[in-house]
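Structural overview for review
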Amino acid sequence: MSVAIMLFKRNIAFDTLTLVVVLIIVNIIRQQFFSNSLEIKRFLGYDSDLLLNFTQLANKYGYSSEEHTVVTEDGYLLKVFRIKNKKCEARVKQPPLLLMHGLLQSSDAWLDASPGTGLAYLLADECFDAWVGNQRGNYYARRHLTLNPDKDSAFWDFSVDQIGYYDVPATIDYVLSNTGVKKLNYIGFSQGAGTFLVMCSERPEYCKKTNVLISISPATRVKHTKSKSFRSLLNILSTCEDLLAQLKVNELFGKESFLQVLFEFICQIRLFSEPLCENFLCGILDSSHPGSITHKTFGMVYSHLPAGTSLRNMARYGQSLNAEDFQKYDFSETVNVVKYGSKEAPAYNLSSVSLPVVIIYGANDHLVDTKDINWLVDKLPNVIGLEEVADPLWNHLDSVYSQHIYKMIWPTVRRYLESFSETYMKTKS
Ligand SMILES: *[C@@H]1O[C@H](CO)[C@@H](O)[C@H](O)[C@H]1NC(C)=O
Ligand SMILES: *[C@@H]1O[C@H](CO)[C@@H](O)[C@H](O)[C@H]1NC(C)=O
């Protein structure tokens, strides 16, 4: 009996070892022989949209896109795009607005659902002056003035704490100085909203540079996250953070990482896409909403997600699964005393979120639970709108990728934005 168990255990250990070795060899082969991944993808017959970056995609569908680079106070270089519908040349809406993606996404997420549905396209169609940001660590924000993300682990010493403190304010300042106005409007999804609230807590003067925050499924406290798989992943990462950091695994889930490439490949194949890719994101990670996200969008999603972040950021989410408050990254007690002046990681001060806030959420969101949304609403002093999406199956990812965005989310976003915007006629000179 015990011999059988030992053999069984040995078999598992052996299988795991074999799998790891195979993965490493495949990865080496890939890096050696397939350095130009675009060419291979073209050769393999990937949907051509998958091979395009933000500007190329926008251009392909008749929009124009400007590329800008924001430099943060601590030296990170972030790409920001400005998307325009050409028919709006003479009548743009003011002030500009900044659209910010969620965890492991990039600006491309707002284009994944295609024209007529993706929020960046819809905003441009309505002649809003839409700027689309990126947060440090993703493939449009993996650059620094002095640090090399491939060599310097210090590049990856960040979580939403630094994204909210540096990236969001720097991007806001950039848009304001480029457009010459004093205030803008802000739309944030999940982490893109959470990091705005971090900013308001830590640098309240920036809160005042914004007329309205439209937050879609804002990720702050995530104590009630229902997704078991997401909880397990985050718990493992936060438990093993020190070990992984010692192994120099500081960046997680980057674009062109083995996992991303593998999923992207599998998800191109219709036969596998539904049972594996669609089920993984919506059935396992988030919650099921059959037919909401199209096959074509799933292909796009897996070529842009995961877009990369730091181990530290994932570990902080792991900590927050068990925290009562929306709080900063928890170092050890002794380090906390040095960094924060207290043994415990401090909570963000949500009373200092002075601007009007709109919250849009889905009842079937298994990542940001309604209980945590209600907790946030109680903490915020100036919530002017709390809108549950009418579809009871609306989940977390639907707000960015669903084919029903135009009907389910867009009217609300548009209504609130309009009330903080005016149409500005450009005089030709
Ligand atoms: C997108 O692709 C175009 C064309 O190859 C290139 O000029 C541009 O720099 C790319 N933009 C970014 C942000 O990578
Ligand atoms: C939180 O912010 C509010 C409003 O700005 C301020 O009155 C309060 O003192 C702050 N609380 C803490 C603990 O800093």
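Naming follows an unreviewed UniProt entry, where the protein chain appears as Lipase of Leptidea sinapis. Under Sequence similarities (unreviewed entry), UniProt gives the following word-for-word description of the protein chain: "Belongs to the AB hydrolase superfamily. Lipase family."

**Description of the site of ligand 2**
For ligand 2, the full set of nearby residues is Asn349, Ser351 and Ser352. Between ligand 2 and asparagine 349, the relevant distance is 2.3 Å, taken from an oxygen atom to a side-chain nitrogen or oxygen of the residue. Contact with the protein chains removes 25% of the 360 Å² of surface that ligand 2 exposes when unbound.

**Things to note about the pairing of strand E1 (residues 63–71)**
Note: E1 against strand E2 (residues 76–85), nine bridges, orientation antiparallel. Its bridge partner being in E2, serine 65 is matched across the sheet by isoleucine 83. Counting the residues between successive antiparallel strands, the hairpin from E1 to E2 contains four residues, one of them, glycine 75, with a positive phi of roughly 90 degrees.

**Points about the pattern of salt bridges**
Inspection of every chain in the model, using the stated rule, returns 24 salt bridges. Here lysine 60 and aspartate 49 are joined by a salt bridge, their closest N and O atoms 2.4 Å apart. Pair noted here: lysine 60 is in helix H3 (residues 54–60) and aspartate 49 is in the loop between helix H2 (37–43) and H3, with a separation of eleven residues, a long-range link. In this structure, aspartate 129 engages arginine 82 in a salt bridge whose closest nitrogen and oxygen atoms are separated by 2.9 Å. Of this pair, aspartate 129 sits in strand E4 (residues 128–132) while arginine 82 sits in strand E2, and the two are 47 residues apart along the sequence. With relative accessibility at 13%, the residue arginine 82 sits in the buried group.

**Let's talk about the UniProt feature "active site" (unreviewed entry) in the protein chain**
Mapped onto the present numbering, the UniProt feature "active site" (unreviewed entry) falls on Ser190, Asp365 and His396. Spatial clustering of the annotated residues is evident: they stretch over 207 residues in sequence, but the largest pairwise C-alpha distance comes to 11.2 Å. Leaving out residues up to four positions away in the same chain, aspartate 365 has contacts with Ser217, Asp286, Trp394, Asn395 and His396. At 2.8 Å, the side chain of aspartate 365 and the backbone nitrogen of leucine 367 are in polar contact. Looking at the secondary structure, you find histidine 396 in the loop between strand E11 (383–388) and helix H16 (398–401). Ignoring anything within four residues of it in the chain, the contact list for histidine 396 reads Phe189, Ser190, Ser217, Asp286, Asp365, Leu367 and Val368.

**Things to note about the state of the cysteines**
Going through the model one piece at a time under the given rule, you end up with three disulfides. Between the sulfur of cysteine 200 and that of cysteine 207 lies a disulfide, 2.1 Å long from S to S. Its S-S torsion of about 90 degrees marks the bond between cysteine 200 and cysteine 207 as right-handed, since a negative value means left-handed. You'll find cysteine 200 and cysteine 207 in the same group, each marked buried. Bridging cysteine 267 to cysteine 277, the disulfide has an S-S length of 2.1 Å. In this structure the cystine formed by cysteine 267 and cysteine 277 twists about its S-S bond by roughly -95 degrees; its chirality is therefore left-handed. Within this pair, whereas cysteine 267 is found in the loop between helix H10 (258–266) and helix H11 (270–285), its partner cysteine 277 is found in helix H11, the two being separated by ten residues in sequence. Judged by its relative accessible area of 0%, cysteine 277 is buried. With its bonded cysteines labelled in order along the sequence, the protein chain shows the pairing 1-2, 3-4, 5-6.

Conventions used here
- Residues numbered from 1 in each chain as written.
- Chains lettered and ligands numbered in written order.
- Predicted model: local features only at pLDDT ≥ 70, side-chain atom pairs only at ≥ 80, totals over all residues.
- Heavy atoms only, no water.
- UniProt positions renumbered as here; feature names shortened; annotations may be inferred.
- Near = heavy atom within 4 Å.
- Polar contact = N/O pair within 3.5 Å; in protein donor to acceptor, adjacent residues only side chain to side chain.
- Areas by Shrake-Rupley, 256 points an atom, 1.4 Å probe, with all protein chains shown as cover.
- Pairing = 2+ DSSP bridges.
- Helix = DSSP H or I, 4+ residues; strand = E, 2+ residues; numbered from the N terminus.
- Salt bridge = Lys/Arg side-chain N within 4 Å of Asp/Glu carboxyl O.
- Buried < 20%, exposed > 50% of the residue type's maximum accessible area, 1.4 Å probe, protein only.
- Contact = heavy atoms within 4.5 Å.
- Disulfide = S-S within 2.5 Å.

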